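Structural description and commentary
One letter stands for each residue in the lines below.
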Amino acid sequence: GDSVTQMEGPVTLSEEAFLTINCTYTATGYPSLFWYVQYPGEGLQLLLKATKADDKGSNKGFEATYRKETTSFHLEKGSVQVSDSAVYFCALSDPSDAGGTSYGKLTFGQGTILTVHP
Amino acid sequence: AAGVIQSPRHLIKEKRETATLKCYPIPRHDTVYWYQQGPGQDPQFLISFYEKMQSDKGSIPDRFSAQQFSDYHSELNMSSLELGDSALYFCASSFRYEQYFGPGTRLTVT
């Protein structure tokens, strides 16, 4: 079945440092890929997405490129802020699971805890 | 903008009791998903509904059931609760595209 693997965490950085969180996936079809962020005590918020190979998703300074050849979707940010401290989840959905009505259920990675210090 | 509403936000039950969680999707969204997130875990898909019909099923225990009503809200019914059911339960809604998550219901079983 489909699966998502994220880099081991947690990650601790100083403000303005460069961030990379690795994400690789296994899927039988042609999945769409997502990064979600979860702040303490809150729900999951969609950070960015990519629906086909070589697509780049970007939002709030974060970027991730859908690499089919390496089955990866690594999250990057050039300069993190204290307010970026949260848990980041890589996820995929396989539209073939949904009969074409939507993206289908999400399969999540383990999550990476990011802490940014001033 | 309207968001996904879940109620209650917090729920405390004893073992073997029953719980009902409610989800109100974003207006015009026709698909609802339920996920369970254990402490320190990633969310696990339970079940989904499209246009009031079950569209997919994941690792949902037989003790749990769910449905989507004519107004598109959904309810997750959980019976014979066990300590291991303590978790954060998320509902998400979508219309063709990405899923938008509610704030979750934190269920504690004692």
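Look a little higher up for the structure.
Within every chain, residues take consecutive numbers counted from 1 along the sequence as written. As a convention, the first chain written is A and the first ligand written is 1, with the rest following in written order. Restriction of local features to residues with pLDDT of at least 70 applies here, the model being predicted, together with a cutoff of 80 or more for giving and counting side-chain atom pairs; totals for whole chains, interfaces and linings are based on all residues. The side-chain quantities take in all heavy atoms of the structure and omit both hydrogens and water.

For the rest of this paragraph, the subject is the pairing of strand β4 (residues 23-26) of chain A. All names here are of chain A. Here the term buried applies to any residue with accessible area under 20% of the maximum for its type, exposed to any over 50%, and partly exposed to those in between, with areas from a 1.4 Å probe on protein chains only. Strands here are runs of E lasting at least two residues and helices are runs of H or I lasting at least four, both read from the DSSP assignment and numbered beginning at the N terminus. Of the two faces of β4, the one lined by Cys-23 and Tyr-25 is fully buried and the one lined by Thr-24 and Thr-26 carries no buried residue. In short, DSSP must find at least two bridges between two strands for them to pair. Pairing geometry for strand β1 (residues 3-6) and β4, over four bridges, is antiparallel. Within β4, the position partnered with Val-4 by the bridge is Tyr-25.

Residues and elements named next belong to chain A. Read across the open sheet, the four strands follow the order β3-β9-β8-β7; overall the sheet is antiparallel. With one partner strand each, in any of the chains shown, β3 (19-21) and β7 (56-59) form the two edges of the open sheet. Averaged over neighbouring strand pairs, the angle between their axes works out to 15 degrees when direction is ignored. Pairing analysis gives four bridges linking β7 to strand β8 (residues 62-65), with the strands arranged antiparallel. Its bridge partner lying in β8, Ser-58 is registered against Glu-63. Convention adopted: a line fitted to C-alpha atoms gives each axis, helices being fitted over their contacting stretch, and angles between N-to-C directions are expressed from 0 to 180 degrees.

Here we take up the state of the cysteines. Put simply, a disulfide is two cysteine sulfurs that come within 2.5 Å. This structure, assessed with the given rule, holds two disulfides over all chains. Cys-23 of chain A shares a disulfide with Cys-90 of chain A; S-S distance 1.9 Å. What sets the handedness of the Cys-23 of chain A and Cys-90 of chain A disulfide is the S-S torsion sign, and at about -70 degrees it is left-handed. You can see Cys-23 of chain A sitting in strand β4 and its partner Cys-90 of chain A sitting in strand β10 (residues 86-93), a full 67 residues away along the chain. Residue Cys-23 of chain B pairs covalently with Cys-91 of chain B via a disulfide, S to S 1.7 Å. When the S-S torsion is -50 degrees, as for the bridge of Cys-23 of chain B with Cys-91 of chain B, the disulfide is left-handed. One end of the pair, Cys-23 of chain B, is in strand β3 (residues 19-24); the other, Cys-91 of chain B, is in strand β9 (residues 87-94), and 68 residues separate them in sequence. Here Cys-23 of chain B and Cys-91 of chain B have matching classes, each one buried.

So, on to the packing of aromatic side chains. Two rings from Phe, Tyr or Trp (for Trp, the six-membered ring) form a pair when their centres are within 6.5 Å of each other. A pair whose planes differ by under 30 degrees is stacked, one over 60 is edge-to-face, and the rest are tilted. Counted according to the given criterion, the structure contains 12 aromatic pairs over all chains. Arranged with centres 6.0 Å apart and planes meeting at 80 degrees, the rings of Tyr-25 of chain A and Tyr-66 of chain A form a pair that is edge-to-face. Here Tyr-25 of chain A, found in strand β4, pairs with Tyr-66 of chain A, found in the loop between β8 and β9 (75-77); they are 41 residues apart in sequence, far enough to count as distant. Its relative accessible area of 3% is what places Tyr-66 of chain A among the buried residues. Here Tyr-35 of chain B and Phe-45 of chain B contribute two aromatic rings whose centre-to-centre distance is 5.8 Å and whose plane-to-plane angle is 65 degrees, an arrangement assigned as edge-to-face. Note that Tyr-35 of chain B is positioned in strand β4 (residues 31-37) and Phe-45 of chain B in strand β5 (residues 44-50), a separation of 10 residues in sequence. On the accessibility criterion, Tyr-35 of chain B (0% relative accessible area) is buried.

In short, shape yes, function no, at least from these values alone.
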